[in-house]
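Coordinates in review
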Amino acid sequence: MEPLTTSQEPRELTADTILELLANRRRRYLLYALREYDEPIELSKLAEQVAGWEHDVPPDEVAKNEYKSVYVSSVQCHVPKLADSGVVDHDESNHTVVLSDNFEQLQPYLQLVMLDEPQNSTLHTALQNSSSDGLIRQIRENVARLKP
């Protein structure tokens, strides 16, 4: 499968944009899950993972209504907001999504908020694989580049 292309030119994310994107827990969970994929992934698969983390159960044990809530809000709200900021590329025709180049600007801040996620949960276990190498350096560099 070929990588998706974006119609937007890469641009600097402002502090307001970064904070708005990370303010919503479900959007953060989508981003956590997307970090594991180099190729476009079906939104339905991401929704299962996110619903599992939200309810602290394995994805195959997520109730249908819980999955549906995540899927619908992702399609209608969260993925479009991430796509508008250039953080993800979304193919609306087949509902696949992949991180875009702009995600690199957001990643250090996402790693920082990961430290605040619930301990002793399925999410925490999944996030333990994330590396924090150079985190403080990356944060300082990105803070210096932020535009109001």
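Before reading further, recall that the structure is shown in the block above.
These remarks concern the structure in this document. (Residues numbered from 1 in each chain as written. Predicted model: local features only at pLDDT ≥ 70, side-chain atom pairs only at ≥ 80, totals over all residues. Heavy atoms only, no water.)

1. Some thoughts on the sheet that holds strand β2 (residues 88-91)
What counts, and what does not: Only when DSSP finds a minimum of two bridges between them are two strands counted as paired. The helix and strand labels rest on DSSP assignments: H or I over at least four residues marks a helix, E over at least two residues marks a strand, and numbering proceeds from the N terminus.
If you trace the three strands from one edge of the open sheet to the other, you get β1-β3-β2, paired in antiparallel fashion. Edge strands, defined here as strands with exactly one partner in the open sheet, are β1 (41-42) and β2. Note: β2 against strand β3 (residues 96-99), four bridges, orientation antiparallel. Considered in β3, the bridge of D89 is made with V98.

2. Brief notes about helix α1 (residues 15-23)
As a reminder, the rule being used: Only protein chains enter the accessibility calculation, which uses a 1.4 Å probe; a residue whose area is less than 20% of its type maximum is buried, one above 50% is exposed, and one in between is partly exposed. Comment: arc refers to directions from the helix axis out to C-beta atoms. Contacts are assigned to residue pairs with any non-hydrogen atoms lying within 4.5 Å of each other.
All buried positions along α1 are accounted for by I18, L21 and L22. Taken around the axis of α1, the buried residues stretch over an arc of 90°, which confines them to a single face. Structural note: α1 exposes D16, L19 and A23 on the side pointing more than 90 degrees away from its buried face. Against α2 (25-34), α4 (64-84) and α5 (103-114) lie the buried residues of α1.

3. Considerations on the environment of E12
By secondary structure assignment, the location of E12 is in the segment before α1. Owing to a relative accessible area of 35%, E12 belongs among the partly exposed residues under this scheme. Taking the C-alpha atoms as reference, E12 lies 7.7 Å from N102; in sequence the two are 90 residues apart.

4. Quick notes on the pattern of salt bridges
This is how the line gets drawn: Should a side-chain nitrogen of Lys or Arg be within 4 Å of a carboxyl oxygen of Asp or Glu, the pair is scored as a salt bridge.
Under the counting rule described, the total for this entry stands at two salt bridges. In this structure, K81 and E20 form a salt bridge, with 2.6 Å as the shortest nitrogen-oxygen distance. Placement of K81 in helix α4 and of E20 in helix α1 is noted, with a sequence separation of 61 residues between them. With a closest N to O distance of 2.7 Å, E54 and R26 form a salt bridge. A residue pair is termed long-range when its members are at least 10 positions apart, and E54 in helix α3 (residues 43-55) and R26 in helix α2 qualify at 28 residues.

5. Some words on the side chain of S73
Keep this limit in mind: Here a polar contact is taken to be a pair of N or O atoms separated by no more than 3.5 Å, where protein atoms must pair a possible hydrogen donor with a possible acceptor and residues adjacent in sequence count only if both atoms sit in side chains.
By the secondary structure assignment, S73 is in helix α4. Using a relative accessible area of 17% as the deciding quantity, one classes S73 as buried. Engagement of the side chain of S73 in a polar contact is seen with the side chain of R26, the distance being 2.7 Å.

6. Notes on α3
Under the convention used in this document: The span you would expect from a helix comes to 1.5 Å times its residue count less one.
Taking 1.5 Å of rise per residue, the 13 residues of α3 would be expected to cover 18 Å, and the 18 Å separating its terminal C-alpha atoms lies within 8% of that figure. Along α3, the residues classified as buried are L43, L46, A47, V50, A51, G52, W53 and E54. Of the residues trailing α3, D56 is marked for its positive phi of about 55°.

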